[in-house]
Amino acid sequence: MRIHLVQCHPLAESLNAHLSGRIAQMLIEAGHEVDRLDLYAHGFAPALTAEERRAQYSTQIVPPDIEPLQARLSAADHLVMVFPTWWFSLPAMLKGWLDRVWTPGFAYEHGTPIQPKLTGLKSVTVVTTLGSPWWVDKLVMRQPVRKVLKMAVVDSCAPQARFRMLSLHGAESVEAERLVAFEKKIAKVLDALG
């Protein structure tokens, strides 16, 4: 299986980088082909340009920095995203990746409803870390990141893809034992990829 592993954290020594490395290792050991994209190390430019925005409803353009990223995503059977949840939202870099890579003509076609185009994607697995406790994310904020990624992005562009999200709450002070348990949960989800 071809896995596109997208990680998003500015610090190479972060917990997110550690989790991304462990995920890559698990997938490779299971015999998967892993295409790993670290958005920060790649130097990805997240800001949608005025030209790109204008083109979304007319002649669609694919900037030279985006075309290879779209090719990497379209070649994948499975997508894994690893990132921190900040302010109950996506990091700006990851939001920019969605804005600039998951574009009309590539990920979907405009319409009511939107017409999905990422029909080859079999699953999307999200691994995120949060500083807040689980109950704030789930009961107070009602899981905004999950809603955006599952309902707005995946269900619109790749509705056939199985969506799984694993959240490590209280990540700023996670104990080694709890981290190991979280990694085991990740391994179980990844084993189901086939």
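Here the structure is shown first, and the text comes after it.
Just so it is clear, the structure is predicted and the values come from calculations on it, not from any experiment.

Asks: Looking at this model, I keep getting lost on the overall build of the protein. Mind explaining?
Replies: A count of helical and extended segments in the protein gives 8 helices and 7 strands. Taken over the C-alpha atoms alone, the protein extends approximately 55 × 40 × 30 Å along its principal axes. The buried share among the 194 residues of the protein stands at 45%. Counted over contacts in the protein with a minimum sequence separation of 6, partners at least 24 positions apart contribute 78%. Total accessible area computed for the protein in this model is approximately 10,000 Å², and 57% of it derives from carbon and sulfur atoms.

Asks: How should I be thinking about the state of the cysteines in this particular structure?
Replies: Each disulfide consists of a covalent bond between the sulfur atoms of two cysteine residues. Scanning the entire structure with this criterion turns up 0 disulfides. Unpaired in terms of disulfides, Cys 8 finds its nearest cysteine sulfur in Cys 157, a separation of 18 Å. On the basis of relative accessibility, which here comes to 1%, the residue Cys 8 falls in the buried class.

Asks: Just to check I follow, could you spell out the layout of surface pockets for this structure?
Replies: Think of a ball as big as a water molecule: rolled over the atoms, this probe shows where empty space is left. In this structure, the largest pocket occupies an estimated 330 Å³ of space. Around the largest pocket, the lining comprises 17 residues; the ones closest to its centre are Leu 98, Asp 99, Trp 102, Tyr 108 and Val 153. Of all elements in the fold, only helix 5 (92-101) and helix 7 (144-157) reach the threshold of two or more residues within the lining of the largest pocket. Of all the elements, helix 7 adds the most residues to the lining of the largest pocket, at 5 residues. Of the voids in this model, the second largest pocket is the one considered here, and its volume is about 240 Å³.

Asks: So what exactly am I meant to see when it comes to the packing of aromatic side chains here?
Replies: Aromatic rings considered in pairs are described by the distance between their centres and by the relative angle of their planes. Enumeration according to the criterion identifies 1 aromatic pair in this entry. When the ring of Trp 97 is compared with that of Trp 102, the centres are 6.0 Å apart and the planes differ by 75°; the resulting orientation is edge-to-face. Across the pair, exposure class does not vary: Trp 97 and Trp 102 are buried alike.

Asks: Whenever I open this one, a nonpolar patch on the surface confuses me. Can you help?
Replies: Together, Trp 134, Trp 135, Leu 139, Val 140 and Met 141 line one region of the surface with nonpolar side chains, adding up to about 540 Å² of accessible area. Judged by its relative accessible area of 43%, Trp 135 is partly exposed.

Asks: Looking at this model, I keep getting lost on the pattern of salt bridges. Mind explaining?
Replies: Where charged atoms of side chains with opposite charge meet at close range, the side chains can pair. Tallied over the full model, the rule gives 10 salt bridges. As a salt-bridge pair, Glu 109 and Lys 117 come within 3.3 Å of each other at their nearest N and O atoms. Residue classification places Glu 109 among the partly exposed residues on the basis of a relative accessible area of 31%. On the basis of relative accessible area, Lys 117 is assigned to the partly exposed category, the value being 36%. For Glu 175, the salt bridge is made with Arg 178, and the minimal N-O distance between the two is 3.3 Å. For Arg 178, a relative accessible area of 30% puts it in the partly exposed group. Taken together, the shared-partner salt bridges in this structure form one network comprising Arg 2, Asp 77 and Lys 122.

The rules we used
- Residues numbered from 1 in each chain as written.
- Predicted model: local features only at pLDDT ≥ 70, side-chain atom pairs only at ≥ 80, totals over all residues.
- Heavy atoms only, no water.
- Helix = DSSP H or I, 4+ residues; strand = E, 2+ residues; numbered from the N terminus.
- Buried < 20%, exposed > 50% of the residue type's maximum accessible area, 1.4 Å probe, protein only.
- Contact = heavy atoms within 4.5 Å.
- Areas by Shrake-Rupley, 256 points an atom, 1.4 Å probe, with all protein chains shown as cover.
- Disulfide = S-S within 2.5 Å.
- 1 Å grid on protein atoms, 1.4 Å probe; cavity = no way out; pocket = protein on both sides within 12 Å on 5 of 7 lines; lining within 4 Å.
- Points joined across faces, edges and corners; volume = space filled by probe spheres on them.
- Phe/Tyr/Trp six-rings, centres within 6.5 Å; stacked < 30°, edge-to-face > 60°.
- Patch = residues over 30% accessible without salt bridge, like charges linked within 9 Å, V, L, I, M, F, W, Y side chains within 5 Å.
- Salt bridge = Lys/Arg side-chain N within 4 Å of Asp/Glu carboxyl O.

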